[in-house]
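# Survey of secondary and tertiary structure
This is what each chain is made of:
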Amino acid sequence: MDIKDTARPLDGASVSAFLRSLPARPLLLGLGEARHFVGELGELRNEIFRHLVEHEGYRSFAIESDCLMGLVVDDHITTGTGTLDDVMERGFSHRFGTSPANRELVRWMRAYNEEHDEKLRFFGFDGPLEYWAASPRQALTALHALLDGPLPCTRETLDTLLGPDDRWSNEATAMDPSQSIGRSADAQRLRLIADDLVALLDTQAPRLGAEDRERAALYGRTATGLLRYHHWMADASPARWTRLSALRGAMMAANLRAVAEHGPALVFAGNLHLQRNKSVMPFGDQSLEWWSAGAIAGTYLGDRYAFLASAFGTVGDDTPPPDTVEGILSALPWDRSLIDARRLAEAVTKPAPRVSRDFAYFPLDPARLDLIDGIVFLEQVVRLVKLG
């Protein structure tokens, strides 16, 4: 099979044709990043989302960013709250607010909502964490405020147990579990309180409006997830980082399942977070393995989850060898292509794995092409931010 028979030039028509080729209309369409902060991919993502909104009925967008900070962006695009500069500063984690493509996306979504009655929605779906975790204060206090009495504790007791936020957000806990307060008496009591508050939410759901129920559920997921994450931050066993990686994936997946209720939605995140196969990462003398957010969410959604991985040919001055998947795809006659990954897996025999000089680029795994629905391929990218 000629690889040209597995691919089409990437445009709105090919995106729509890809959706029609799937066994079911996805509630979540994942578009993965092979590398963060690639200007060309961000602009292409915006084009794809605009097409999905205007021609395929999509009304939601989700990104690998703090789920609570994402509320700032959603408020802005739905009601006009705040300035664009302020939203880009306060509404994103992981430095994603500095991305010109993200700024343009927020601007366009707000402009669209000003002209249409059916509003677009924006979601962050990562937890408030990186290698360490934030304080659960925002999630716990916001959930507490939405519920009616009798409550398991007063707001004053909650503040006392939480204490200063900096004892939760201490970055040193990433490498030194002894500095974590995640297994302190206060933290253990907060886990029980969070559990009680989430249980109360179910008993009080009928008195809450749809928006309050949605936000309360988010606060509950986030509070319990953060406290669970902090508990394992304090663990000194060899299982620590495997458990933390798995917990982050599970938090992401829970948020994605909530986004699916507003589907169809486009989800934008690293390939490794959206892939269906188990994630494997070397970490010191360990090899960490856990199921990604996409694998977990896809298990529950089945055919209503679809995954487009991205891949690049030349990244800066790093050109793929011709026997790698990216090298083979570089022979396509288009600058950007949409490839049927499963047909590609049948067409290419035992391609070599790519080893990129750009440590921030994650090459395609040639042994896992059959677990990808499609590949968004850019023949060359030059507008990227060097990390580190």
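Data block above holds the structure.
Note that the structure is a prediction, hence the values are computed from the model and not measured.

### Quick notes on the overall build of the protein
- Within the protein, the secondary structure is distributed over 14 helices and ten strands.
- For 388 residues, the compact-globule formula gives about 21 Å, and the C-alpha radius of gyration of the protein, at 22 Å, lands near that figure.
- With the principal axes as the frame, the protein shows a C-alpha extent of 65 × 55 × 35 Å.
- The proportion of buried residues among the 388 residues of the protein is 53%.
- Taking contacts inside the protein between residues at least 6 apart in sequence as the whole, the part at least 24 apart equals 79%.
- As presented, the protein carries roughly 17,200 Å² of accessible surface, and 52% of it is formed by carbon and sulfur atoms.
- Of the side chains in the protein, 42 bear a positive and 54 a negative charge, and the two mean positions are spaced by 2 Å.

### Remarks on the pattern of salt bridges
- Scanning the model with the defined rule gives 23 salt bridges in all.
- The salt bridge involving D318 is made with R357; its shortest N-O contact spans 3.7 Å. Of this pair, D318 sits in the loop between β8 (305-315) and α13 (325-329) while R357 sits in the loop between α14 (341-347) and β10 (374-381), placing them 39 residues apart in sequence.
- Because the salt bridges share partners, they merge into one network encompassing R137, R155, D159 and D165.

### Quick word on the sheet that holds β10
- Pairing in this open sheet of eight strands is mixed, and the strands run β1-β9-β10-β8-β2-β5-β3-β4 from one edge to the other. A single partner strand is all that each edge strand has here, and the edge strands are β1 (7-9) and β4 (121-126). Recorded for the sheet is a direction-independent mean angle of 25° between the axes of neighbouring strands.
- Both strand β9 (residues 336-340) and β10 contribute to a ladder of five bridges, which runs antiparallel.

### Brief notes about helix α5 (residues 100-115)
- Along its 16 residues, α5 runs 23 Å from first to last C-alpha, staying within 8% of the 22 Å computed at 1.5 Å per residue.
- Here the buried face of α5 lies against α2 (39-56), β3 (60-66), α3 (70-79), α4 (84-90) and β4.

### Some thoughts on the packing of helix α1 (residues 12-21) against α2
- Relative to each other, α1 and α2 sit at 65°, their axes nearing to 10 Å. By the angle between their directions, the pair α1 and α2 is classed as roughly perpendicular. The two elements α1 and α2 meet at a crossing, and its hand is right-handed. Facing G12, A13, V15, S16 and L19 of α1, the residues of α2 in contact are I48, H51, L52 and E56.
- Here the residues of the contact of α1 with α2 sort into five nonpolar, three polar and one charged.

Conventions we followed
Residues numbered from 1 in each chain as written. Predicted model: local features only at pLDDT ≥ 70, side-chain atom pairs only at ≥ 80, totals over all residues. Heavy atoms only, no water. Helix = DSSP H or I, 4+ residues; strand = E, 2+ residues; numbered from the N terminus. Rg over C-alpha atoms; globule rule 2.2 N^0.38 Å. Buried < 20%, exposed > 50% of the residue type's maximum accessible area, 1.4 Å probe, protein only. Contact = heavy atoms within 4.5 Å. Areas by Shrake-Rupley, 256 points an atom, 1.4 Å probe, with all protein chains shown as cover. Lys, Arg positive; Asp, Glu negative; His and termini not counted. Charge placed at Lys NZ, Arg CZ, Asp CG, Glu CD. Salt bridge = Lys/Arg side-chain N within 4 Å of Asp/Glu carboxyl O. Pairing = 2+ DSSP bridges. Axes fitted to C-alpha atoms, helices over the stretch in contact; angles between N-to-C directions. Expected span 1.5 Å × (residues − 1). Parallel < 35°, antiparallel > 145°, perpendicular 65-115°, else oblique. Left-handed = near helix turned anticlockwise from the far one by under 90°. Nonpolar A, V, L, I, M, F, W, Y, C, P; charged D, E, K, R; others polar.

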